[in-house]
Amino acid sequence: MLNCVSTMFVGRVILTISKVKLRTFQIPVFSFRCLASYPKKFTVSYNHSCGDSVFLGSTIGQVVSQAADQSGDQLAFVFRHQNVRRTFSQVDKESDQLAASFLELGLKPGERIALWSTNCYEWILTQVAAAKAGLILVQVNTAYQPDELEYCLNKTSCKALVAAEGFKTQDYFQELNHLLPEITVSKPGQLQSKRCPDLHTVVMLTKRNYPGVYKFEDILQVAGNEKLREIKKLVSKIQFDDPVCIQLTSGSTGQAKAATLSHFNLINNGLVFYTRISIPGVTSVDCIPLPLFHTFGSLAGSMATFVHRKMTVFPSAFFDPLATLEAIENERCSVVMGTPTMFVDMVNHPVIDQTDLSSLKTAVTGGAPCPVELWRQIEEKMKITNIINGYGTTENSPATLATRSGERTDKKYHTVGTPFDHVEVKIIDKNGHIVPVNTKGELCTRGHVTFLGYWGDEQKTAEVMSPDRWYRTGDIATMDEDGYVSIVGRIKEMIIRGGENIYPREVEEFLHTHPFVAEVQVVGVPDPRLGEEVGAWVKLKTGKTLTEKELREYCNGKISYFKIPRHITFVEDFPRTSSGKIMKYKIKEEIIKKLRIKH
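Residues numbered from 1 in each chain as written. Predicted model: local features only at pLDDT ≥ 70, side-chain atom pairs only at ≥ 80, totals over all residues. Heavy atoms only, no water.

## Overview of the overall build of the protein chain
A tally of regular secondary structure across the protein chain gives 17 helices and 31 strands. Its C-alpha atoms give the protein chain principal-axis dimensions of roughly 75 × 60 × 50 Å. In the protein chain, of all internal contacts separated by at least 6 residues, the share reaching a separation of at least 24 is 69%. Total accessible area on the protein chain is roughly 25,400 Å²; 50% of this is exposed by carbon and sulfur atoms. When the 70 basic and 65 acidic side-chain charges of the protein chain are each reduced to a single mean position, those positions are 2 Å apart. (Helix = DSSP H or I, 4+ residues; strand = E, 2+ residues; numbered from the N terminus. Contact = heavy atoms within 4.5 Å. Areas by Shrake-Rupley, 256 points an atom, 1.4 Å probe, with all protein chains shown as cover. Lys, Arg positive; Asp, Glu negative; His and termini not counted. Charge placed at Lys NZ, Arg CZ, Asp CG, Glu CD.)

Structural data, given as C-alpha cells:
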C-alpha cells in the first residue's frame, strides 16, 4: 500500500447568505495535489478518491473568458430547434452585454434573478451573464404552476424573472398574470406585486408585445460602454466560493428546498465529471436532451462545456426521443446523456434501427437508478459498449460517483462506481458509525461538491449536513471490497412488510428481467395486518400483453415470496417531473385511492 501524500490547512469559515448565518464549518484546503492509492481490498465502507484533477480557483465568468481567449473560434453550443450555433467567443461577448444590461435594469451583485425556461441558447446566456454580474441565478422548474412559482420567488427574494413563453401546454404569461395581476398595468421594471413584493422586473423570451414586461432581445441593447467596463471589474472581484445559483429540490416530501451552490462547486464538478467520463483521443461532441434547469443538465450541458472546451448539442426545447436520435446522427455526437426514462424512449423508438448512431462512443445516465436490463438494451440497440452509470444529488451539485470508461461488466451494470476526484464517501448505520463493506447503510459524502446550504433555512441545512461538512444523502447504499458503491433505495421509500425490510430497487431490477416489461416502479402500500405491502406500476413494451397472475407466476421461486407485488397496475406512463424523474409518492397515492374504491 502506498501512502497518501498531501498537505492541507483548515480554515474556519462562517457562511452568510442574505444576512442569515447558515452555519460555521471547516473547509479543508489542499496546498497541492494529492497522490494516493488504496489497499487492494476495502474492509470498511469509506472511500476517498484523490485522483489527478487539479482544482480551478476560478469563477464562471473567468472560465468563460478563458475559453474565449484560448478556444474562441471553436463551436461551443448547438441548439438545433433554434438553428443557433455559437462559438466560445460569441458566448463570452454576448454574455458580457447581457450582464451589463442586468446592471442597467437596476440589479445589484448578490441579488437573485430567476430563470423559468425550456432549453434554449438564452438559458446559457442568462446563466453566464448572471454569474458575471454577481447575481445568484434561481433555476426554476419548467413545469411549475403559479403557486409553486410564487413560493420559489418569495423563498429566494427574487428581484427579476426571465421567462420563456411557455412549456408544452402551459402559457407562462397567463400564469404570471394569475400570480401578478398588477403586471398588465405596470411599466416594465416597475412591477409592485402583493404576492411577490420583491419582484420588480420581468423579461420574456418572446417577439410578442406583452404588457409590463421587457423583451429579452430588447434588453440586450440597453447597456452602454460604462456598464460593460463595470462588468469587467466585477468579474475580477467576484470570489470563487461566492454563491452563484440556487437549485430547487423536487419537493416530493413537502415544499422544495433551495440548495445554494458556489462557483467553486459548479466549475470543479464540471472538471472532475468530464475527466471521469471522457475517452482519451476522442473529440467530444455531446448530445444533451436533459433540461438545463436541472443540476445534471446544467452541469453536463453548460459547466463541463466551458471547462473542457467541448461541443454540446441540444436537440429540442424539452425531451423528444426522435429529435435526440436525429441530433446524434446529424451532428455526429460521440456522447449522449439522459435519465433512464429518456433512454427507454430512445431504445424503443421505431426509427432507432434506421438511425446512424455509429458516431456514439459513450452513454451516460443519472438522475435515477438505471435497471440492468435497460443498460443491455442500450448496448444492443445503440451499439454502445462504453456506458457510464452515475449518481448525484442536487445538494452535491450534482455529480458524486460514477463508473469509468471501459468498466468491468459486473461493476458497470450493478454499481454507480467510485467517488469523483477529491470526494469522500462513507456509509453509516443509524448511530452514525461507518459500517463494514457489503453492509447496508446511509450514504454520506463530503468534498468540493457539497452545497453551501439551503437558502434561508439553517435548520434544514443542519438536518442533512454535519458541522464537519458530511452531507447525509438519505439514500441506502452498500460498498464492496473494491470501493464501488451500489444504491439500494431511499430511507423513506424502504418497505417494511411484517418486519421484513424490502428495497423497491431490488424488486424493480427483478421485474425488469421479464421480456415484456419496459419500465416498473415499486412502492409501499399501507396494509392493516402487515403494515405495508408491495405495490407495482408496470409499463409494458409496445404490443405486449401481460396479466397480474402471469407476472406473479414469473416471480414465484425467483424472489422471496414477501417481495412479490401484492398490488399490480399496468399503465401507459408514470407521473413525472419535467426533468424526467418519476414521482413515486403520486404512484402510491393512486394505488391507495384505487384500493379504497375497490373496497
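Back to the text.
## Focus on the sheet that holds strand β31 (residues 567-570)
Pairing is mixed across the open sheet formed by three strands, whose spatial order is β29-β30-β31. Taken across any chain shown, the strands that pair with only one partner, and hence form the sheet edges, are β29 (517-527) and β31. On average, each strand axis in the sheet is inclined to that of its neighbour by 20 degrees, with strand direction left out of account. The sheet contacts of helix α16 (residues 548-555) involve β30 (531-540) and β31, and relative to β31 the element is tilted by about 125 degrees. (Pairing = 2+ DSSP bridges. Axes fitted to C-alpha atoms, helices over the stretch in contact; angles between N-to-C directions.)

## A few points about the nonpolar core
In terms of nonpolar packing, the biggest core is built from 150 residues, with Phe273, Phe306, Val336, Met337, Ile378 and Met382 touching the most fellow members. With eight residues, helix α3 (residues 121-132) is the single largest residue contributor to this core. Those residues in contact with Val336, other than ones at most four positions away along the chain, are Cys287, Thr324, Ile328, Phe343, Met346, Leu360, Thr362, Ala363, Val364, Met382 and Ile384. Within the second largest apolar cluster, 19 residues are counted, among which are Ile502, Val517, Val520 and Val534. (Core = buried A, V, L, I, M, F, W, Y, C linked by side-chain atoms within 4.5 Å. Buried < 20%, exposed > 50% of the residue type's maximum accessible area, 1.4 Å probe, protein only.)

## Quick word on the pattern of salt bridges
In total, this model carries 34 salt bridges according to the counting rule given. Note that Arg490 and Asp475 form a salt bridge whose closest N and O atoms lie 3.1 Å from each other. Of this pair, Arg490 sits in strand β26 (residues 485-490) while Asp475 is found in strand β25 (residues 471-479), placing the two residues 15 residues apart along the sequence. Arg490 sits in the partly exposed class, given a relative accessible area of 31%. Where salt bridges share partners, they join Lys41, Lys411, Asp480 and Asp482 into one cluster. (Salt bridge = Lys/Arg side-chain N within 4 Å of Asp/Glu carboxyl O.)

## Some details on the packing of aromatic side chains
Considering all chains together, one arrives at 16 aromatic pairs under this definition. Seen from their ring centres, Phe240 and Phe264 are 5.2 Å apart, and the 35 degrees between their planes marks the pair as tilted. Separated by 24 residues along the polypeptide, Phe240 in the loop between α7 (225-237) and β13 (243-248) and Phe264 in helix α8 (residues 263-277) bring together distant segments of the chain. Through a chain of ring-to-ring contacts, the aromatic side chains of Phe77, Phe79, Phe88, Tyr121, Phe306 and Phe314 assemble into a single cluster. In this structure, Lys412 is placed above the aromatic ring of Tyr413, and the distance from its NZ or CZ to the ring centre is 5.7 Å. Above the ring of Trp470, the side-chain terminus of Lys426 is found at 4.3 Å from the ring centroid. (Phe/Tyr/Trp six-rings, centres within 6.5 Å; stacked < 30°, edge-to-face > 60°. Lys NZ or Arg CZ within 6 Å of the ring centre and 35° of its normal.)

## Points about α3
A rise of 1.5 Å per residue sets the reference length of α3, with its 12 residues, at 16 Å; its end C-alpha atoms lie 17 Å apart and thus fit the reference within 8%. The element α3 is extensively covered by neighbouring structure, given that 11 of its 12 residues are classed as buried. Buried within α3 we find Tyr121, Trp123, Ile124, Leu125, Thr126, Gln127, Val128, Ala129, Ala130, Ala131 and Lys132. (Expected span 1.5 Å × (residues − 1).)

## Considering the sheet that holds strand β19 (residues 386-392)
With mixed pairing, nine strands are arranged side by side in an open sheet as β5-β4-β16-β15-β17-β18-β19-β20-β21. In the strand order of this sheet, the two ends are held by β5 (84-87) and β21 (418-419), each with one partner. Of the strand pairs in this sheet, strand β20 (residues 399-402) and β21 are connected by two bridges, and their pairing is antiparallel. In the strand pairing of β21, Ala402 is matched with Thr418. Contacting β4 (75-79), β16 (311-314), β17 (335-338), β18 (362-365) and β20, helix α9 (residues 295-308) crosses the sheet at an angle of about 145 degrees to β4.

## Thoughts on unusual backbone geometry
Most peptide bonds adopt trans geometry, and most residues besides glycine take a negative phi value. Residue Pro398 is bonded to the preceding Ser397 through a cis peptide linkage, with omega at -25 degrees. Along the polypeptide, Pro398 turns up in the loop between β19 and β20. Even without being a glycine, Ser157 presents a positive backbone phi close to 50 degrees. Along the polypeptide, Ser157 turns up in the loop between α4 (146-155) and β8 (158-163). In this structure, Lys383 is a non-glycine residue whose phi angle is positive, near 55 degrees.

## Points about the packing of helix α2 (residues 88-104) against α7
At a minimum axis distance of 8 Å, the contact between α2 and α7 shows a crossing angle of 105 degrees. On the basis of the axis angle, α2 is roughly perpendicular to α7. Where α2 approaches α7, its residues Asp96, Gln97, Ala99, Ala100, Leu103 and Glu104 are matched on the opposing element by Lys227, Leu228, Glu230, Ile231, Lys232 and Leu234. Per-class residue counts for the contact of α2 with α7 are six nonpolar, one polar and five charged. (Parallel < 35°, antiparallel > 145°, perpendicular 65-115°, else oblique. Nonpolar A, V, L, I, M, F, W, Y, C, P; charged D, E, K, R; others polar.)

## A word on the confidence of the model for the protein chain
When pLDDT is averaged along the protein chain, the result is 89; 92% of the residues meet or exceed 70. Counting contacts from residues 1-37, a segment whose pLDDT is below 50, to residues more than four positions away or on other chains yields 77 contacts. (pLDDT = per-residue confidence, 0-100.)

## Quick look at the packing of α3 against α9
Here α3 crosses α9 at 60 degrees, and the two axes come no closer than 12 Å. Here α3 lies oblique to α9, going by the angle between them. Like other packed secondary-structure pairs, α3 and α9 cross with a definite hand, here right-handed. Together, Trp123, Ile124, Gln127 and Val128 of α3 and Ser298, Gly301, Ser302, Met303 and Phe306 of α9 make up the contact between the two elements. When grouped by side-chain class, the residues that make up the contact of α3 with α9 number five nonpolar, four polar and no charged. (Left-handed = near helix turned anticlockwise from the far one by under 90°.)

## Structural notes on empty space enclosed by the protein
Scanning the model with the defined rule gives three cavities of 30 Å³ or more in all. Lining the largest cavity are Tyr274, Ile277, Ser278, Ile279, Val282, Ser284, Ser334, Val335 and Thr362. Looking at the lining of the largest cavity, its residues break down into five nonpolar, four polar and no charged. (1 Å grid on protein atoms, 1.4 Å probe; cavity = no way out; pocket = protein on both sides within 12 Å on 5 of 7 lines; lining within 4 Å. Points joined across faces, edges and corners; volume = space filled by probe spheres on them.)

## Side note on the environment of Lys440
Structurally, the position occupied by Lys440 is in the loop between β22 (423-428) and β23 (441-447). Along the sequence, Lys440 and Gln82 sit 358 residues apart, while their C-alpha atoms lie 47 Å from each other.

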